[in-house]
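# Results of the structural survey
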Amino acid sequence: REAVLDAVADTATIEVPDALIDARARELWERMIHSLSHQGINKELYLQISGRSEEEILEEAKPDAASALRREAVIAAVIEAEQIEPSDGDVLDALSEVAARENATPEQLREQLEKNGRLDELREDLAQRQAVDFLVEHATPVAAPDEPEPEAPAEED
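These numbers come from a predicted model, not from an experiment.

Reading guide: rules and limits
Residues numbered from 1 in each chain as written. Predicted model: local features only at pLDDT ≥ 70, side-chain atom pairs only at ≥ 80, totals over all residues. Heavy atoms only, no water. Helix = DSSP H or I, 4+ residues; strand = E, 2+ residues; numbered from the N terminus. Buried < 20%, exposed > 50% of the residue type's maximum accessible area, 1.4 Å probe, protein only. Contact = heavy atoms within 4.5 Å. Lys, Arg positive; Asp, Glu negative; His and termini not counted. Charge placed at Lys NZ, Arg CZ, Asp CG, Glu CD. Core = buried A, V, L, I, M, F, W, Y, C linked by side-chain atoms within 4.5 Å. Salt bridge = Lys/Arg side-chain N within 4 Å of Asp/Glu carboxyl O. Polar contact = N/O pair within 3.5 Å; in protein donor to acceptor, adjacent residues only side chain to side chain. Axes fitted to C-alpha atoms, helices over the stretch in contact; angles between N-to-C directions. Parallel < 35°, antiparallel > 145°, perpendicular 65-115°, else oblique.

### Notes on the overall build of the protein
Secondary structure summary: the protein contains seven helices and zero strands in total. Put simply, the protein runs from its N terminus to its C terminus through helices and strands in the order α-α-α-α-α-α-α. The C-alpha extent of the protein, read off along each of the three principal axes, is 70 × 45 × 40 Å. A buried classification covers 24% of the 157 residues belonging to the protein. Taking the intrachain contacts of the protein between residues at least 6 apart in sequence as the baseline, contacts between residues at least 24 apart amount to 68%. Between the centroid of the 15 positive side chains of the protein and the centroid of its 40 negative side chains there is a distance of 9 Å.

### Observations concerning the nonpolar core
Formed by Leu5, Ala9, Val74, Ile75, Val78, Ile84, Ala127, Ala131, Val132 and Leu135, the largest nonpolar core amounts to 10 residues. Among the elements of the structure, helix H1 (2-11), helix H4 (54-81) and helix H7 (119-137) are those that each provide at least two residues to this core. By residue number, the principal contributor to this core is H7, which donates four residues. Residues within four places of Leu135 in sequence aside, it is in contact with Val4, Leu5, Val8, Val74 and Val78.

### What about the pattern of salt bridges?
In the structure shown here, the tally under the stated rule is 17 salt bridges. When the shortest N-O distance is used, the salt bridge between Glu2 and Arg71 registers 2.4 Å. You can see Glu2 sitting in helix H1 and its partner Arg71 sitting in helix H4, a full 69 residues away along the chain. Asp6 is the salt-bridge partner of Arg71, the closest N and O atoms lying 2.8 Å from each other. Here Asp6 lies in helix H1 and Arg71 lies in helix H4, a separation of 65 residues in the sequence. Overall, Arg71 belongs to the buried group, its relative accessible area being 18%. Asp6 sits in the partly exposed class, given a relative accessible area of 28%. What you see here is one network of salt bridges that share partners, running through Arg24, Glu27, Arg31 and Glu72.

### A few points about helix H3 (residues 43-50)
N-cap assignment for H3: the residue whose side-chain oxygen lies 3.3 Å from the backbone N of Glu44 is Asn42. Gly51 sits one or two positions beyond H3 and adopts a positive phi of about 70°.

### Here we look at the packing of helix H5 (residues 88-101) against H7
Angle between the axes and distance between the axes are the two parameters that describe a pair of packed helices. The contact between H5 and H7 brings their axes to 10 Å, and the two run at 95°. Relative to H7, the element H5 is oriented roughly perpendicular. Of the residues in H7, those in contact with Asp88, Asp90, Val91, Ala94 and Leu95 of H5 are Leu119, Leu122, Arg123, Leu126 and Gln130.

### Focus on the environment of Ala9
Tracing the chain through its elements places Ala9 in helix H1. Along the backbone, Ala9 and Arg71 are 62 residues apart, and their C-alpha atoms lie at a distance of 5.4 Å. If we ignore the near neighbours within four places in the chain, the residues touching Ala9 are Arg70, Arg71 and Val74.

### Side note on the side chain of Arg24
The topology assignment puts Arg24 in helix H2 (residues 18-37). A relative accessible area of 15% places Arg24 in the buried class. Apart from the residues lying within four places of it in its own chain, the contact partners of Arg24 are Ala65, Ala68, Leu69 and Glu72.

What follows is the structure, encoded as structure tokens:
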């Protein structure tokens, strides 16, 4: 699934503005710092440990940020082009496993999500999954590139 999405994103003609890449790189950085804060590591300590500046880290994050944005753009384009819209049945199917664990019905969970204003988030997530499923179903398998064989160590006499 990841390889298919990456292959499509790599060949898609998508222009991602630098400002958007910069913003996503900063978002990735801030998420990481937030996550580390739960382990007692603040930004200053992380910078000290890593031996890099915040600017260097942000610069290093740009390729990942650009890749993530390209993938999101491809998924959004597939959703639009294929008019993907999860049905109520899709929503209930997605909720069935959680409902079983919480001794509730999928319908009850759906109502709860709707009351909390989170049903659209679930529908969006399902649409994204369905878009990736569409790409995978329509992908043409290719052989993996041959790895060069490692050279045998020279024998010593």
